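Residue-level listing of the chains:
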Amino acid sequence: MMEEVDLIVENGMVVTMNSSMEIIPEGSLAIRNGVIVDVGPSREIRRGYRPREVLDANHCAVVPGLVNAHTHAAMTIFRGLADDLPLMEWLEDYIFPAEAHLRAEWVRWGTMLACCEMLLSGTTTFCDMYLFEEEVARAAKEMGMRAMVGEVLYDFPSPNYGPIERGFRYTEELIERWKGDPLIRVAVEPHAPFTCSPELLKKARELANSHGVPLIIHVSETKDEVERIRASYGETPVRHLWRLGVLDGITVADHVVWVDEEEIRILGDAGVGVVHNPESNMKLASGVAPITEMLKAGIHVGLGTDGAASNNDLDMFREMDSAAKLHKAFSRDPRRMDASTVLRMATIGGAKALGMEDLIGSIERGKRADIILVDLLSPHFVPLHNVISHLVYSAKGTDVRSVIVDGRILVRDRRLLHVDLDEVFGEVEAISKEIRSIVRSGNGVRGR
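Criteria and thresholds
Residues numbered from 1 in each chain as written. Predicted model: local features only at pLDDT ≥ 70, side-chain atom pairs only at ≥ 80, totals over all residues. Heavy atoms only, no water. Helix = DSSP H or I, 4+ residues; strand = E, 2+ residues; numbered from the N terminus. Rg over C-alpha atoms; globule rule 2.2 N^0.38 Å. Buried < 20%, exposed > 50% of the residue type's maximum accessible area, 1.4 Å probe, protein only. Contact = heavy atoms within 4.5 Å. Pairing = 2+ DSSP bridges. Salt bridge = Lys/Arg side-chain N within 4 Å of Asp/Glu carboxyl O. Expected span 1.5 Å × (residues − 1). Disulfide = S-S within 2.5 Å. Right-handed = clockwise from strand over helix to strand, strands pointing away. Lys, Arg positive; Asp, Glu negative; His and termini not counted. Polar contact = N/O pair within 3.5 Å; in protein donor to acceptor, adjacent residues only side chain to side chain. Phe/Tyr/Trp six-rings, centres within 6.5 Å; stacked < 30°, edge-to-face > 60°. Axes fitted to C-alpha atoms, helices over the stretch in contact; angles between N-to-C directions. Parallel < 35°, antiparallel > 145°, perpendicular 65-115°, else oblique. Left-handed = near helix turned anticlockwise from the far one by under 90°.

Student: When you look at the overall build of the chain in this model, what are you seeing that I'm missing?
Tutor: What the chain contains, in helices and strands, is 16 helices and 18 strands. Taken over the C-alpha trace, the chain has a radius of gyration of 21 Å; the compact-globule value for 448 residues is 22 Å, and the two agree within 12%. Across its three principal directions, the C-alpha atoms of the chain cover 65 × 45 × 45 Å. Put simply, the chain has 448 residues, and 62% of those count as buried.

Student: Explanation requested: the environment of Leu244 in the structure shown.
Tutor: Inspection of the secondary structure assignment puts Leu244 in helix α8 (residues 237-244). On the accessibility criterion, Leu244 (23% relative accessible area) is partly exposed. Between the C-alpha atoms of Leu244 and Val54, which are 190 residues apart in sequence, the distance is 53 Å. Those residues within four positions of Leu244 in sequence are excluded, and the remaining contacts are Pro198, Leu201 and Lys202.

Student: Is there a simple way to think about the pairing of strand β11 (residues 215-219) in this case?
Tutor: Each regular strand displays side chains that alternate between the two surfaces of the sheet. Of all 5 residues making up β11, 5 are buried, and the element is well covered by its neighbours. Neither face of β11 is exposed, since Leu215, Ile217 and Val219 on one face and Ile216 and His218 on the opposite face are all buried. The pairing of β11 with strand β12 (residues 251-255) spans 5 bridges and is classified as parallel. Within β12, the residue paired with His218 across the bridge is Asp254.

Student: I would appreciate a short explanation of the pattern of salt bridges in the present structure.
Tutor: The final tally for this structure, using the stated rule, is 35 salt bridges. Residues Arg138 and Glu135 are paired through a salt bridge, measuring 3.6 Å at the closest nitrogen-oxygen approach. Here Glu135 and Arg138 lie together in helix α4 (residues 133-143), a separation of 3 residues that amounts to about one turn. We classify Arg138 as partly exposed; its relative accessible area is 45%. Assessed through its relative accessible area of 17%, Glu135 is described here as buried.

Student: Is there a simple way to explain helix α2 (residues 87-99) in this structure?
Tutor: Think of an α-helix as turning once every 3.6 residues; residues three or four places apart then point the same way. Look at α2: only 16 Å from first C-alpha to last across 13 residues, short of the 18 Å you get at 1.5 Å a residue. With 10 of 13 residues buried, α2 lies mostly within the body of the structure. All of the buried residues along α2 are Leu87, Met88, Trp90, Leu91, Tyr94, Ile95, Phe96, Pro97, Ala98 and Glu99. Elements in contact with the buried residues of α2: β7 (123-130) and α7 (223-233).

Student: For this particular structure, what's the right way to read the environment of Leu416?
Tutor: With respect to the element layout, Leu416 can be found in strand β18 (residues 415-416). Given the relative accessible area of 11%, Leu416 is considered buried. For the pair Leu416 and Gly144, spaced 272 residues apart in sequence, the C-alpha to C-alpha distance is 11 Å. Leave out the neighbours within four places in its chain, and Leu416 touches Cys116, Leu119, Leu120, Leu410, Val411 and Leu421.

Student: Looking at this model, I keep getting lost on the state of the cysteines. Mind explaining?
Tutor: Covalently bonding the sulfur atom of one cysteine to the sulfur atom of another cysteine gives a disulfide. Counted by the stated rule, this structure contains 0 disulfides. This cysteine, Cys127, is not joined by any disulfide, and Cys115 carries the nearest cysteine sulfur, 13 Å off. Summary of cysteine pairing: Cys196 is not part of a disulfide, and the nearest cysteine sulfur, belonging to Cys127, is at 16 Å.

Student: Looking at this model, I keep getting lost on the pairing of strand β13 (residues 273-276). Mind explaining?
Tutor: Of the two faces of β13, the one carrying Gly273 and Val275 and the one carrying Val274 and His276 are both buried. Examined bridge by bridge, β12 and β13 share 3 bridges and lie parallel to one another. Directly across from Val252, in β13, lies its bridge partner Gly273. As for the winding sense of the linkage, the β-α-β connection from β12 through helix α9 (residues 261-270) to β13 is right-handed.

Student: Hey, could you run me through the side chain of Asp128 in this one?
Tutor: Structurally, the position occupied by Asp128 is in strand β7. The side chain of Asp128 is buried and forms no salt bridge, while Arg79, the nearest opposite charge, is found at 12 Å. Within the local environment of Asp128, its side chain forms a polar contact with the backbone nitrogen of Ala73, the two atoms lying 2.6 Å apart. In contact with Asp128, not counting residues within four places along its chain, are Thr71, His72, Ala73, Glu133, Val136, Met148, Val149, Gly150 and Glu189.

Student: Looking at this structure, how should I read the packing of aromatic side chains?
Tutor: Describing an aromatic ring pair means giving the distance of the ring centres and the angle of the ring planes. Per the counting criterion, the structure on display carries 3 aromatic pairs. Here the aromatic cluster, defined as three or more aromatic residues joined through ring pairs, consists of Phe96, Tyr154 and Phe156.

Student: Looking at this structure, I do not really get the sheet that holds β11. What am I missing?
Tutor: Strand pairing in a sheet takes place through backbone hydrogen bonds and is either antiparallel or parallel in direction. The strand order across the open sheet built from 4 strands is β11-β12-β13-β14, with neighbouring strands paired in parallel fashion. Each edge of the open sheet carries a strand with a single partner, namely β11 and β14 (301-303). The average angle at which neighbouring strand axes cross in this sheet is 25°, direction not considered. Packed on one face of the sheet, helix α12 (residues 316-331) meets β13 and β14 and runs near 125° to β14.

Student: What's the story with helix α3 (residues 104-120) in this structure? I'm lost.
Tutor: The first and last C-alpha atoms of α3 sit 24 Å apart over 17 residues, in line with the 24 Å expected at 1.5 Å per residue. Judged by how many residues are buried, α3 sits mostly within the fold: 13 of 17 residues are covered. Once α3 finishes, Gly122 follows within two positions and takes phi at roughly 95°, a positive value.

Student: Help me out: how do you make sense of the packing of helix α6 (residues 198-211) against α8 in this one?
Tutor: When two helices pack together, their arrangement is given by the angle between the helix axes and by the axis-to-axis distance. In the contact formed by α6 and α8, the axes pass within 10 Å of each other and the chain directions differ by 60°. By the angle between their directions, the pair α6 and α8 is classed as oblique. In the packing of α6 onto α8, the handedness of the crossing is right-handed. Listed contacts from α8 to Pro198, Leu201 and Lys202 of α6 are His240, Leu241 and Leu244.

Purely geometric stuff here, so don't read any function into it on its own.
This is the structure in structure tokens:
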């Protein structure tokens, strides 16, 4: 007797990203209540299940939704504001002053724009660190995306919560409000060791542990940051966090560019997930993270775009291509960061780094149905000798034909189904005029 299911995605090349990296050339998957109930050859799936709806994946690679494991979604409103600058100048002379004028409405529409960009280019889950994160959570939920969100915490007053005491209260309320939501998770997110006192960092760790949620933090992004921490505390950022006990719990470290062998061992022993952001690190000339060494140490490494103000797009296919080629060029070894490794980082690796591998990251029975269809009917995919290689080196976000999150079709035939894109564009354009006015007046942002 045939089982009823909500949706069958059929006749595609299913790239499962399971432990054996299985590829099913003519494959299908059955989805019920947002869960993948079966995956296998198309003929077998059609014999066993009766769907309410069918999504034809002919001439497509069927891939787990991409995981953008580190971004600042609402910073789309600052895209192109202060390009071609080193990190500290970019951050302290432009971004922090501009953010002093930030409002909840700006964050909402900036996040809506980011979600549109990510969905249309195949990202189904993102991990966010920014301000007014309640607005980020609401926007992601409205868009139907999966997200881990957290309010950035630092020593100086925030345009959202003001003094840090209120920041901790805001974070705890965020955790309570979204507890148990099927799409939204919350983390505790101190900004970085150079913007957070030891007392703040320890309190953030205690808060995260008390609620069983991750602590997410920028770590050792630049050489200058390392020298600042060494001058202030007599040790490097990773050792500083380790001695404070900040790594004693679920932890995700973003960037992690300037670390030595011992620090990699510390991160591995502590079970810290790491998120690699190659394009942002290249653009800001921050350096090249020793990702190969981290993978050898057993660290779960994900991939992230960082924010659109330092990238300047949120296309994870471009990020994969950059990650693979950067490490080959830097090491002068073409075997470094092979395509399979990079695709894992963008899918199951990102899920593991965020502690979400039980839900997402691969196409397997029992996992949530976060799926993308990549159209292979383009000249840059022909001939198709190796689909994984093509997904990393040839694919672009614009090749994504359809997107499913939690069993719900959000993008069909390259069109967003549940959002008015023109409205989003209009709102962000209006915000950008306000930002340009602030820049021209010199009101808190250094002119260029």
